[in-house]
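# Analysis of the macromolecular model
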Amino acid sequence: MRALRWDDSPDGPALLLLDQTRLPAEEREIVCTSIPTLVESIGRLAVRGAPVLGLAGAYGVALAAARGFSVADAAEQLAAARPTAVNLAVGVRRAYGAYRSHLAAKPGDEDGAAAAALAAARAMHREDAEASTAMARHGLALLDRLVPGGAHRLLTHCNTGALVSGGEGTALAVALAAHRAGRLRRLWVDETRPLLQGARLTAYEAARAGMPYTLLADNAAGSLLAAGEVDAVLVGADRIAADGSTANKVGSYPLAVLARHHGVPFVVVAPSTTVDPHTPDGAGIEVEQRASQEVAEFAGVAVAPPGATAYNPAFDVTPPELISAIVTEKGALSPVDVSGMTQLCAMSLSSNETM
């Protein structure tokens, strides 16, 4: 199962995306041969999740270069397609940097520059897969320290598996590692309103992997924690500010508050590319506001009166004092304090340098 893949077909190169809006009912790919198609696919969440958005941005730049479109325009459009996920801009910047560097060294060699952009995207893809494996290892070791003894009961929100990554994911990759090690007793899956990424996507991935999972309504998480049925909460991230404030799918912040009240570890799992040293704190994170229709309708059927408006932020921001640990491919940071975040930001700057 691949969220995206590059295709060198006789008709010209294309970026193929697994359309996540059709899952779990149908597995269908979108063939992107133009930047508007890719930008539209990103905007409507056909491809989603911070790490894979970085890959989509990088491959999008390579696609523009290979097909002879304006690479500068493509980079600008792609970077602005979703404002909260920092990885998208990182991927665009990396491939565009490779493209420009090649042209600076060999002016006029557009084919070589396109190949350089594609090589940068593929390298980023490999690195993301490797980061996924490392995060799973570090995350499982952290769980064994935070929650010693026996199998783990883990609660997760939204979707953080292979569908968001070049590998097996972020938070869900940790749960999968626990499952493979025989240490996952139960995976609690928030349905994740309003677009049901938990019910449609995480449950889909968990079922394919044979994981013991149970789906729950988002509002049921509190009673589950109160009953002592959760050992740790695992979530991903779309942007981590320099102070450790973390933007993730809306509903994550209430989970962090509940977890703190009930003495349950709240763990963020994300690659170091998701850390944004240039955003000092949570107040500086731009939160994407999405259409009222996503809340006022369910599967295309109206559930609110005609013309109803809705407050529909795609993300909320969890402050660092509610986060027990941040797991990246570099290791686990716990507690999330100024000293640790300074080191993590330095690692992120190194990871995100333009080629």
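All of the points below concern the structure found in this document. Everything numeric here is computed off the predicted structure, so don't read it as measured data. (Residues numbered from 1 in each chain as written. Predicted model: local features only at pLDDT ≥ 70, side-chain atom pairs only at ≥ 80, totals over all residues. Heavy atoms only, no water.)

Moving on, we get to helix 1 (residues 35-43). For an α-helix, the turn length of 3.6 residues means that residues three or four places apart are oriented alike. What helix 1 keeps buried is the set Ile35, Leu38, Ser41 and Ile42. Along the axis of helix 1, the buried positions cluster into a sector of 125 degrees, meaning they face one direction only. Looking at the residues trailing helix 1, positive phi occurs at leucine 45, about 70 degrees. (Buried < 20%, exposed > 50% of the residue type's maximum accessible area, 1.4 Å probe, protein only. Helix = DSSP H or I, 4+ residues; strand = E, 2+ residues; numbered from the N terminus. Arc of directions from axis to C-beta.)

Looking along the chain, the bond that leaves arginine 193 and enters proline 194 is cis, with omega of 5 degrees. A cis amide bond links serine 334 to the next residue, proline 335, at an omega of 5 degrees. Residue placement: proline 335 occurs in the loop between strand 16 (331-333) and helix 11 (338-351). Non-glycine residue leucine 45 carries a positive phi angle of around 70 degrees. The topology assignment puts leucine 45 in the loop between helix 1 and helix 2 (50-67). The exposure class assigned to leucine 45 is buried, which follows from its relative accessible area of 6%. One non-glycine residue, threonine 192, lies in the positive phi region at around 70 degrees. Along the chain, threonine 192 turns up in the loop between strand 5 (184-190) and helix 7 (197-209).

Here the focus is the sheet that holds strand 6 (residues 213-216). Spatial strand order, 6-5-4-7-10-15-16: seven strands in an open sheet with mixed pairing. If you trace the sheet from one side to the other, it starts and ends with strand 6 and strand 16, each paired once. Each strand of the sheet is rotated relative to its neighbour by a mean of 25 degrees, with strand direction disregarded. Looking at chain direction, strand 4 (residues 152-156) and strand 7 (residues 232-235) are connected through three bridges and run parallel. The partner of threonine 156 across the bridge, within strand 7, is leucine 234. Packed on one face of the sheet, helix 5 (residues 110-146) meets strand 4, strand 7, strand 10 (266-269), strand 15 (325-328) and strand 16 and runs near 150 degrees to strand 15. This element, helix 9 (residues 252-261), spans strand 4, strand 5, strand 7 and strand 10 of the sheet and lies at about 140 degrees to strand 10. (Pairing = 2+ DSSP bridges. Axes fitted to C-alpha atoms, helices over the stretch in contact; angles between N-to-C directions. Contact = heavy atoms within 4.5 Å.)

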